[in-house]
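Structure at a glance
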Amino acid sequence: MKTFALGLASVVLGSVLLTVPAAAHGFDTCTQEPKDKWQSQADAEAAATEAGYTVTRSKIVGSCYEVYAKDKAGKKFELYYNPVDLKLVEKHDD
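This text gives an overview of the structure that appears in the document. (Residues numbered from 1 in each chain as written. Predicted model: local features only at pLDDT ≥ 70, side-chain atom pairs only at ≥ 80, totals over all residues. Heavy atoms only, no water.)

1. Here's the deal with the pattern of salt bridges
How we decide: By convention in these notes, a salt bridge is any Lys or Arg side-chain nitrogen within 4 Å of a carboxyl oxygen on Asp or Glu. Secondary structure follows DSSP: runs of H or I at least 4 residues long count as helices, runs of E at least 2 residues long count as strands, and numbering of each begins at the N terminus.
Inspection of the entire model under this criterion finds two salt bridges. D93 is paired through a salt bridge with K75; the nearest N and O atoms lie 3.3 Å apart. Of this pair, D93 sits in strand β4 (residues 88-93) while K75 sits in the loop between β2 (64-70) and β3 (76-81), placing them 18 residues apart in sequence.

So, in structure tokens, the structure goes:
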């Protein structure tokens, strides 16, 4: 019985350790399209600007454009855009 309990504990701990970094990382699955179909990173920044945000920087994370921006009140956000159609996929408070 101890062997079963240790095995189960190992599986649970392993699952937690694998999911925590992914959760801490943010959102990074926006598209499965190849990069030659992506619009430019500058276009993602422009989409955020058009939505009323002030962009501070951006980067590629997984298959998303992650745009760091502030709203009119100065609150910081991480905006995740699908690089193919530039739709906002996810928004997190920073």
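2. A word on the packing of aromatic side chains
Selection rule: Pairs were defined over the aromatic rings of Phe, Tyr and Trp, the Trp ring being its six-membered one, requiring ring centres within 6.5 Å. Orientation was assigned from the angle between planes: stacked under 30 degrees, edge-to-face over 60, tilted for the rest. Each residue is assigned to one of three classes by its accessible area relative to the maximum for its type, calculated with a 1.4 Å probe on protein chains only: buried under 20%, partly exposed between the two thresholds, exposed over 50%.
Throughout the structure, instances matching the rule amount to three aromatic pairs. Seen in terms of ring centroids, F27 and Y80 are 6.1 Å apart; in terms of plane orientation they differ by 70°. Their pairing is edge-to-face. Highlighted residues: F27 in the loop between α1 (2-25) and α2 (41-50) and Y80 in strand β3, separated in sequence by 53 residues. Judged by relative accessible area, which is 0%, Y80 ranks as buried. Both rings, one in W38 and one in Y65, keep their centres 5.6 Å apart while their planes meet at 80°; by these two values the pair is edge-to-face. Remark: Y65 occurs in strand β2 and W38 occurs in the loop between α1 and α2; sequence separation between them is 27 residues.

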